[in-house]
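# Remarks on the overall topology
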Amino acid sequence: MKVFATADIGPAALDLLRQAGYELEVYPGPEAPPYELLLAQTASGIDGLITTLRDCVDAGLLAAGHGRLRVVAQDAVGVDNIDLAAASRLGIPVTHTPGVLTQATAEFALFMLGALARRLWASENLVRERQWGAWHPALPFLGSEVTGKTVAVVGLGRIGRAFAQKCVGLDMNLLACGRSPQPEWIAAVQREMDLRHELGFSRHRARIQAASLREALGAADFVSLHVPLIRPGDPAAGADGADVTYHLLNRQTLAWMRPTAYLINTARGPVLDEAALIEALRQNQLAGAALDVYATEPLPGDSPLRAEDLAGRLRLYHHFASGTVETRLSPDPEQGMAGRCVAGLRNVLEGRYAGRLAQMPWLANRSAFQK
Ligand code: GLV
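Just so you know, these numbers come straight off a predicted model, no measurement behind them.

Take the overall build of the chain next. When helices and strands are tallied, the chain shows 13 helices and 12 strands. Its C-alpha radius of gyration of 22 Å places the chain within 12% of the 21 Å reference for a compact globule of 371 residues. Dimensions along the principal axes, computed over C-alpha positions, put the chain at roughly 65 × 45 × 40 Å. In the chain, which comprises 371 residues, the proportion classed as buried is 49%.

Around the ligand, the surrounding shell consists of Leu53, Ala76, Val77, Gly78, Leu101, Arg268, His319 and Met337. Within the contact set of the ligand, an oxygen atom lies 2.8 Å away from a backbone nitrogen or oxygen of Gly78. Here an oxygen atom of the ligand and a side-chain polar atom of Arg268 are 2.7 Å apart. Coverage of the ligand by the protein amounts to 90% of the 190 Å² it exposes when considered alone. Considered class by class, the residues forming the shell around the ligand number 5 nonpolar, 2 polar and 1 charged.

Side chains of Val127, Trp132 and Trp135 sit close together on the surface and give an oily, nonpolar patch of about 420 Å² of accessible area. Note on placement: Val127 falls in helix H6 (residues 120–128). Residue Val127 is classed as partly exposed on the basis of its relative accessible area, which comes to 47%.

In this section: the pairing of strand S10 (residues 262–265). A two-sided burial pattern is seen for S10, the buried positions comprising Tyr262 and Ile264 on one face and Leu263 and Asn265 on the other. As judged from the 4 bridges shared by strand S9 (residues 222–225) and S10, these two strands associate in the parallel manner. Residue pairing across strands places Phe222 opposite Tyr262, the latter belonging to S10. In this structure, S10 lies alongside strand S11 (residues 288–291), joined through 4 bridges in parallel fashion.

This brings us to the sheet that holds strand S3 (residues 48–51). Taken together, 5 strands build an open sheet; the order of strands is S2-S1-S3-S4-S5 and the sheet is parallel. Where the open sheet ends on each side, the last strands, each with one partner, are strand S2 (23–26) and strand S5 (94–95). Two elements, strand S4 (residues 71–74) and S5, share 2 bridges in a ladder whose sense is parallel. Residue pairing for S5: Ala73 is matched across the bridge by Thr95. Sheet contacts for helix H2 (residues 35–43): strand S1 (2–5), S2 and S3; angle to S1, the most-contacted strand, approximately 170°. Running over the sheet, helix H13 (residues 337–349) touches S1, S3, S4 and S5 and is turned about 165° from S4.

Per-residue confidence for the chain gives a mean pLDDT of 97, with 100% of residues at or over 70. Confidence, read as mean pLDDT per element, is least for helix H4 (residues 84–89) in the chain (96) and greatest for S10 (99).

Further remarks concern unusual backbone geometry. Between Leu139 and Pro140 the backbone carries a cis peptide bond, its omega angle lying at 0°. Inspection of the secondary structure puts Pro140 in the loop between H6 and strand S6 (150–154). Each neighbour pair has its own omega, and for Glu297 with Pro298 the value is -10°, a cis peptide bond. Mapped onto the elements, Pro298 comes out in the loop between S11 and strand S12 (314–316).

As a further point, take the sheet that holds S12. Hydrogen bonds between backbone atoms are what pair the strands of a sheet, whose relative direction is either parallel or antiparallel. Strand order in the open sheet made by the 7 strands is S8-S7-S6-S9-S10-S11-S12, with parallel pairing throughout. Every interior strand has two partners, whereas the edge strands, strand S8 (208–210) and S12, have only one. Here the strands of the sheet are splayed against their neighbours by 15° on average, with no regard to which way each runs. Relative to S12, S11 runs parallel, the two sharing 3 bridges. Bridge pairing in S12 links Ala290 to Arg315.

A few words on the domain arrangement of the chain. Partitioning the chain into domains gives domain 1 (2–100 + 325–369) and domain 2 (102–316). Spacing between the C-alpha centres of domain 1 and domain 2 amounts to 31 Å. Opposite the 9 residues of domain 1 that make contact, domain 2 presents 7 residues. Both sides together, the interface formed by domain 1 and domain 2 hides about 610 Å², and carbon and sulfur atoms give 51% of it. On the domain 1 side of the contact with domain 2, Leu53, Asp80 and Gly99 bury the most area, a combined 56% of that side's loss.

Thresholds applied
Every residue gets a number counted from 1 within its own chain, in the order that chain's sequence is written. Reporting of local features is limited, given that this is a predicted model, to residues whose pLDDT is at least 70; pairs of side-chain atoms are given and counted only at 80 or more, and all residues count toward the totals for whole chains, interfaces and linings. Hydrogens are left out, water is left out, and the side-chain values use all remaining heavy atoms of the structure. Only DSSP runs of H or I with at least four residues qualify as helices, and only runs of E with at least two residues qualify as strands; both kinds are numbered from the N terminus onward. What the globule rule says is 2.2 Å times the number of residues to the power 0.38, and the radius of gyration is computed from C-alpha atoms. We call a residue buried when its accessible area falls under 20% of the maximum for its residue type, exposed when it is over 50%, and partly exposed in between, using a 1.4 Å probe and counting protein chains only. We define proximity as follows: a residue is near a molecule or strand when any one of its heavy atoms falls within 4 Å of that partner. What qualifies as a polar contact is a pair of N or O atoms within 3.5 Å, subject to a donor-acceptor requirement within protein and to the restriction that residues adjacent in sequence count only when both atoms come from side chains. Every accessible area reported is derived by Shrake-Rupley at a probe size of 1.4 Å, with residue values counting cover from the shown protein chains alone. Residue type decides the class: Asp, Glu, Lys and Arg count as charged, Ala, Val, Leu, Ile, Met, Phe, Trp, Tyr, Cys and Pro as nonpolar, and the leftover types, Gly among them, as polar. Nonpolar side chains (Val, Leu, Ile, Met, Phe, Trp, Tyr) within 5 Å and like charges within 9 Å form the patches, drawn only from residues with over 30% relative accessible area and no salt bridge. By definition, a salt bridge exists where a carboxyl oxygen of Asp or Glu is found within 4 Å of a side-chain nitrogen of Lys or Arg. By definition, two strands form a pair when at least two bridges between them are found by DSSP. We call two residues in contact when some of their heavy atoms are within 4.5 Å. Only the stretch in contact is used when a helix axis is fitted, and all axes are lines through C-alpha atoms; the angle between N-to-C directions ranges over 0 to 180 degrees. Confidence of the predictor at the level of single residues is captured by pLDDT, which takes values from 0 to 100. Note that domain bounds follow an automatic or database assignment of domains. Defined here as a combined quantity, buried area equals the accessible surface (1.4 Å probe) lost by two parts on assembly, summed across both.

Now the structure itself:
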């Protein structure tokens, strides 16, 4: 069977494919292959396509598979770069890698929160630039303590919940804002908070509460985004578009935030209107933000997010939240994205689960195969 991979997603995992007799071609560049090349590869007759979040897998590309293309295996949990509706129409299962990047992404979001609160970049810069003149109780600046503060978690999927659970260890209060309210999980988190207090681990009893977006943004000291990107018109948007997350944080919603609050985005760039963020920062409507994802990636050299006047309050990372050796590269499908991606592809191509697609794990368009 022939498989084309648009990136070297992990040598050990790809070796498993070769050892199983697959004819595998891997695009050699660090950058994504041009769309025309991807189209030519798909049209040349391949059984499986391994993609990353940088590839545009649209209806034209899927149709170019001429019925031979039997699976698209995405090496990411997010699949907003893939036309899932077209894949379902063409009967092509799309696999992805949910679960194995949950902890890595959640912990990175927490570290971004810490970097903002305690001004880690400014502190290191001070030392590196030889500007650390004297130890002083308050000069040249102070940070904000995280313990006991309130964090709004927007999106209560795997990563949002894992992030929230990590915040419990810092005795933060939580505002849980999600499409599905998760009352049992909320009750379990409150039990853990109560126990920490009863055991004397925390001085104050922390609280978790369900909240609307407006309530969450209006009351939080930190806001962390964990929603998938859903654009208007996407079938996942719901009939009335209520589940659209494109520009969820925009001029209006950013204005709900407190001037002392910080925003963290590890979800997808277009969930946040970058122009509105820049304006809000300049007008001191929020204290700062940390971004790991952008409307255009890599972040263009001339992006206004790079403006000098914002540098002190805006941390920028390179879509790195899942970027640990274990999470990105492990060939073990229970540990690594590469392993889970390859296993998802093989599940389909080797007809595992008795060939029943609806029963295979890690299918992004499972509903198309449930009839
Ligand atoms: C990373 O952003 C992913 O979707 O896996």
